[in-house]
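# Summary of the model geometry
Each chain, written out:
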Amino acid sequence: MKARFLGTEIKAGDVFPATPVVHFGDARLLPESFKGVTVVNNSLDDLTLQGGRLHAMSQPNTSNTNDDFVTFYGGGVDSPWLGYAGGDYSVNENLSLSLYTSRLKDAWDQHYFGVSATYPLSDAVVLLGSFNYYKATDEGRKLLGEFNNSIWSSSLGVAFGAHTVTASYQRNNGNNDFDYLRQADSIYLNNSIQYSDFNSPKEQSWMLRYDLNMAGYGIPGLTFMTRYARGWGADYSNANEVYMRQDDNGAPLSGQKRWERDVEARYVVQTGSFKDLSLRVRQATTRATAFESDLNEVRFIAEYPLSIL
């Protein structure tokens, strides 16, 4: 069900929120959805306000909606509801701010602040910057144990012609994994990439990324991307019972390291019957010490927007 009134859109039933604290996932064949009510208001220029109360979520391997919420690292949570509220504000064409809060009842409170900025140096060169910060604390019955986490990331890049080069740094100051809803995209951190999130306790990471837009070379719709990220210092010595990871002798894992390298090619059809059809191929390679598995993965992804109404 959907209704509009004075710049406000209300949806009830199967909903697809898109915020830093609750974001549906669409990386699988069946997109993740939630059941509940969401509200989006665009009455004021350059300001979008959002909120919602959700009572169930789905997983991408089924069309059914489960009663329980599922977190990526802590597993299933017998929580009766998830609520969120916040907004995005464009200060001007070069600066935007985001502020959100959420509660997964009896599990966590999560708060998010983000800023994104651009600074043109010339007609051909633009500086890019961003900062993301989460604060997460246990709530109510503490179904995921006791924790008090903060994690942040920042990036600085430069775009020149068809090329963009970006460097980023990320750090988890908490003693537990920074958790979020499973198969969702509710983690707006620079170094959360194809396979790795680099969000283990005390983990630090850096990443270097390069993007190429072939429109500048006469092939609109064709883009390439490659990135390399490395994390170090993951330490579970003070993790709670839910997020604890141990070695074969039962000792908490510490001094853990990992890296990931991704390569992607994407083409979006520009004209004709298949206009906006997106085809992409992704390859990921990861290597890690005891706390994660090594991986070599290739994904083929096709996306085609359908206008039903």
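Residues numbered from 1 in each chain as written. Predicted model: local features only at pLDDT ≥ 70, side-chain atom pairs only at ≥ 80, totals over all residues. Heavy atoms only, no water.

## Here we look at the side chain of Ser153
Filter applied, for reference: Numbered from the N terminus, helices here are DSSP runs of H or I no shorter than four residues, and strands are runs of E no shorter than two. Only protein chains enter the accessibility calculation, which uses a 1.4 Å probe; a residue is then buried when its area is under 20% of its type maximum, exposed when over 50%, and partly exposed in between. Polar contacts here mean pairs of N or O atoms no more than 3.5 Å apart (in protein, one a potential hydrogen donor and the other a potential acceptor; neighbouring residues in sequence count only if both atoms are side-chain atoms). The contact definition used throughout considers only heavy atoms, calling two residues in contact when any of these lie within 4.5 Å.
One can find Ser153 in strand 12 (residues 148-160). Judged by relative accessible area, which is 0%, Ser153 ranks as buried. Looking at Ser153, its side chain comes within polar contact range of the side chain of Asn190, at 2.8 Å. Those residues in contact with Ser153 that lie beyond four places of it in its chain are Ser130, Phe131, Asn132, Tyr169, Gln170, Leu189 and Asn190.

## Some thoughts on the packing of aromatic side chains
For clarity, the cut-off: Aromatic contacts are taken between Phe, Tyr and Trp rings whose centres are within 6.5 Å, Trp giving its six-membered ring; a plane angle under 30 degrees counts as stacked, one over 60 as edge-to-face, and the others as tilted. Only Lys NZ and Arg CZ are tested; either one counts as a charge over a ring when it is within 6 Å of the ring centre and within 35 degrees of the ring normal.
All told, the structure shown has 13 aromatic pairs when counted by the stated rule. Here Phe147 and Tyr243 contribute two aromatic rings whose centre-to-centre distance is 6.4 Å and whose plane-to-plane angle is 90°, an arrangement assigned as edge-to-face. Linking Phe147 in the loop between strand 11 (125-138) and strand 12 with Tyr243 in the loop between strand 15 (222-234) and strand 16 (256-268), this pair joins segments that are 96 residues apart in sequence. The same class applies to Phe147 as to Tyr243, namely buried. One aromatic cluster in this structure is built from Tyr112, Tyr134, Phe178 and Tyr188. The ring of Trp81 carries the charged tip of Arg53 above its face, separated from the ring centre by 4.3 Å. Positioned above the aromatic ring of Phe198 is the side chain of Arg258, whose terminal nitrogen or guanidinium carbon lies 5.0 Å from the ring centre.

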